[in-house]
Amino acid sequence: MSSFVVALDVGGTSMKGGLVTRSGEIVRTDRRATPRDRGPAAVIATIRSFIDDLATAGGGTPEGVGLAVPGLVTAETALYSANIGWRDVPATDLVPLDVPVMLGHDVRTGGLAESVLGAGRELSDFLFLPIGTGIAGATILHGEPYGGSAGWGGEIGHIPVFPDGEPCACGQIGCLETYSSASAVARRYSTRAPASSPDAVSVTAERVAALTASGDPLAVEIWGDAVEALSLALATYTLLLDPSAIVLGGGLAEAGALLSDPLAERLQKHLAFRQAPPLRQAALGMSAGMLGAALLGWRAAGFADAGTTWSLDVLKSPRVA
Ligand SMILES: [Zn+2]
């Protein structure tokens, strides 16, 4: 088969791997659990064997390896992840083969994929904002993700939007994530639902979205809080960085117009003297991190322009799991 890279998106609970050719064909995808309860050494060993297995399945030596990982990261070293528990792991320790390798921050690597071949393809400056269990953003400047001076950039989920509000797990008060993440929407609904309701025990953000659409007053209020918190954070972002668009991704964005319509309206309300940037739906879904890792793998192999000619239709072919 033609030459390929191994791409890995390492998450806190599972990792998604793929083999991606120079022309952007995904010839194989696979998934493996992240054994984080067994400690960082076990996670590193699992990453190594996963890469080895994917390379073997490709029937040859990959041109390069790209990895998207959580926490603080440089292109060469995974510096720190509270989620996985590792510190200062060189990229070469994660890859069993003697091939070029490049690391990227998980959200920024997803943002890179949306920038090069997804919803931000023709945009130079935008915010990629996946809203899932947590909220973190990728600031895209001149087509490339920007991580700040030390790699802490993009932590938009911990912007204090309601300073007198609810405590966040991070130690601050009133963070965006406390109101607008998918898990916050579910948690805030279930804690206030009548004790007799099954939704008081377990409810998902998807269910709260459905209840909001059907006019359930508690759901409407909690959805409204989530939208208001997001609109305040995005107004701040817009005034600071003047993005040409805001690309919404993650589980909560699946709600479509139920989220984007009121969010666009509230965002414009908070901006008096300028037009709000348009909101767009992310194009790559849950594959953004893995595809971004493939771009890093090809960049490591010396192809800086990788991805610019890749077709979204090919990437979305049925072979993509
Ligand atoms: Zn916080």
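Numbering of residues begins from 1 in every chain and follows the order in which that chain's sequence is written. For this predicted model, a pLDDT threshold of at least 70 governs which residues receive local features, and a threshold of 80 or more governs which side-chain atom pairs are given and counted, while totals over whole chains, interfaces and linings are taken from all residues. Hydrogen atoms and water are omitted, and side-chain values are computed over all heavy atoms in the structure.

> Any chance you could explain the environment of T34 here in plain terms?
As for its placement among the helices and strands, T34 is situated in the loop between β3 (26-33) and α1 (40-58). Residues T34 and S14, spaced 20 residues apart in sequence, show a C-alpha to C-alpha distance of 4.7 Å. Other than its neighbours up to four places away in sequence, T34 contacts G11, G12, T13, S14, M15 and V43. A distance of 2.9 Å separates a polar side-chain atom of T34 from the backbone oxygen of G11. Helix and strand assignments come from DSSP, with helices taken as H or I runs of at least 4 residues and strands as E runs of at least 2, each series counted from the N terminus. Throughout, a residue-residue contact means that at least one pair of heavy atoms, one from each residue, lies within 4.5 Å. Whenever a nitrogen or oxygen atom comes within 3.5 Å of another N or O atom, the pair is scored as a polar contact, on the condition that within protein one atom can donate a hydrogen and the other can accept it, and that pairs from neighbouring residues in sequence are kept only if both atoms are in side chains.

> What's the story with the sheet that holds strand β4 (residues 64-69) in this structure? I'm lost.
The pairing of strands in a sheet happens through backbone hydrogen bonds and is either parallel or antiparallel. Pairing between two strands requires that DSSP report at least two bridges joining them. Strand order across the open sheet formed by 5 strands is β3-β2-β1-β4-β8, with mixed pairing between neighbours. Every other strand in the sheet has two partners, leaving β3 and β8 (101-105) as the edge strands with one partner each. The sheet shows a mean angle of 15 degrees between the axes of neighbouring strands, direction not considered. Of the strand pairs in this sheet, strand β2 (residues 14-21) and β3 are connected by 7 bridges, and their pairing is antiparallel. Within the sheet, the bridge partner assigned to K16 lies in β3 and is R31. Each of β1 (4-10), β2, β3 and β4 is contacted by α1, which is oriented at about 30 degrees to β2, the strand it contacts most. Throughout, an axis means a line fitted to C-alpha atoms (over the contacting stretch in the case of helices), and angles, computed between N-to-C directions, take values from 0 to 180 degrees.

> It is not clear to me how unusual backbone geometry should be interpreted in this structure. Could you clarify?
Note: most peptide bonds trans; most residues except glycine with negative phi. Residues other than glycine seldom take positive phi values, yet H142 does so here, at roughly 50 degrees. Mapping H142 onto the fold places it in the loop between β10 (138-141) and β11 (144-146). Located in the positive-phi region is D242, a residue other than glycine, with phi close to 50 degrees. Here D242 shows up in the loop between α7 (217-241) and β12 (245-249). Burial classification: accessible surface area is computed with a 1.4 Å probe over protein chains only, and a residue below 20% of its type maximum counts as buried, one above 50% as exposed, and the rest as partly exposed. Classification of D242 as partly exposed rests on a relative accessible area of 49%.

> Which parts of the structure should I look at to understand the coordination of the zinc ion?
Geometry sets the ideal angles at a metal, namely 109.5 degrees for four tetrahedral donors and 90 or 180 degrees for six octahedral donors. With distances of 2.0 to 2.4 Å, the protein atoms coordinating the zinc ion are H158 (ND1), C168 (SG), C170 (SG) and C175 (SG). A donor here means an N, O or S atom no more than 2.8 Å from the metal, or no more than 3.2 Å when the metal is Na, K or Ca. Since water is not included, a site may seem to lack partners. Just to be clear on the cut-offs, tetrahedral is four donors with all angles between 85 and 135 degrees, square planar is four donors and octahedral six with opposite donors over 155 degrees apart and all others between 65 and 115, and anything else goes down as irregular. Considering all 4 donor atoms around the zinc ion, angles at the metal cover 104 to 119 degrees and the coordination shape is tetrahedral. Mapped onto the sequence, the residues coordinating the zinc ion show the spacing H-x9-C-x1-C-x4-C. Residue H158 is found in the loop between β11 and α4 (176-180), and its partner C168 is found in the loop between β11 and α4; the two are separated by 10 residues along the sequence.

> What is the right way to look at helix α9 (residues 257-270) in this model?
Helical periodicity: at 3.6 residues per turn, an α-helix aligns residues three or four positions apart in one direction. With 14 residues, α9 ought to run about 20 Å at 1.5 Å a step, and its terminal C-alpha atoms sit 19 Å apart, in line with that. Of all the residues in α9, the buried ones are L259, S260, L263 and L267. Considered in projection along α9, the buried side chains sweep an arc of 80 degrees and stay on one side of the axis. Seen from the buried face of α9, the exposed residues on the opposite side, beyond 90 degrees, are D261 and K269. Buried residues in α9 make contact with α7, β12, α8 (250-253) and β13 (279-281). One less than the residue count of a helix, multiplied by 1.5 Å, gives the span that helix is expected to have. Directions pointing from the helix axis toward each C-beta atom define the arc.

> Is there a simple way to explain helix α3 (residues 106-117) in this structure?
With 12 residues, α3 should cover 16 Å at 1.5 Å per step; its first-to-last C-alpha distance of 17 Å lies within 8% of that length. When you tally the buried positions in α3, you get 11 out of 12 residues, the bulk of the element. Along α3, the residues that are buried comprise V107, R108, T109, G110, G111, L112, A113, E114, S115, V116 and L117.

> Just to check I follow, could you spell out the pattern of salt bridges for this structure?
Where charged atoms from two side chains of opposite charge approach closely, those side chains can pair. When a carboxyl oxygen of Asp or Glu is within 4 Å of a side-chain nitrogen of Lys or Arg, the pair counts as a salt bridge. Evaluated as defined, the whole model comprises 11 salt bridges. For R22, the salt bridge is made with D305, and the minimal N-O distance between the two is 3.6 Å. Taken as a pair, R22 in the loop between β2 and β3 and D305 in the loop between α10 (288-300) and α11 (312-315) lie far apart in primary sequence, 283 residues in all. With a relative accessible area of 45%, D305 lands in the partly exposed category. Of the charged contacts in the structure, one is a salt bridge between R188 and E166, with a shortest N-O distance of 3.1 Å. Here R188 is found in helix α5 (residues 182-192), whereas its partner E166 is found in the loop between β11 and α4, with 22 residues between them in sequence. Residue E166 is classed as partly exposed on the basis of its relative accessible area of 27%. Several salt bridges share partner residues, and in doing so they unite E166, R188 and D225 into one network.

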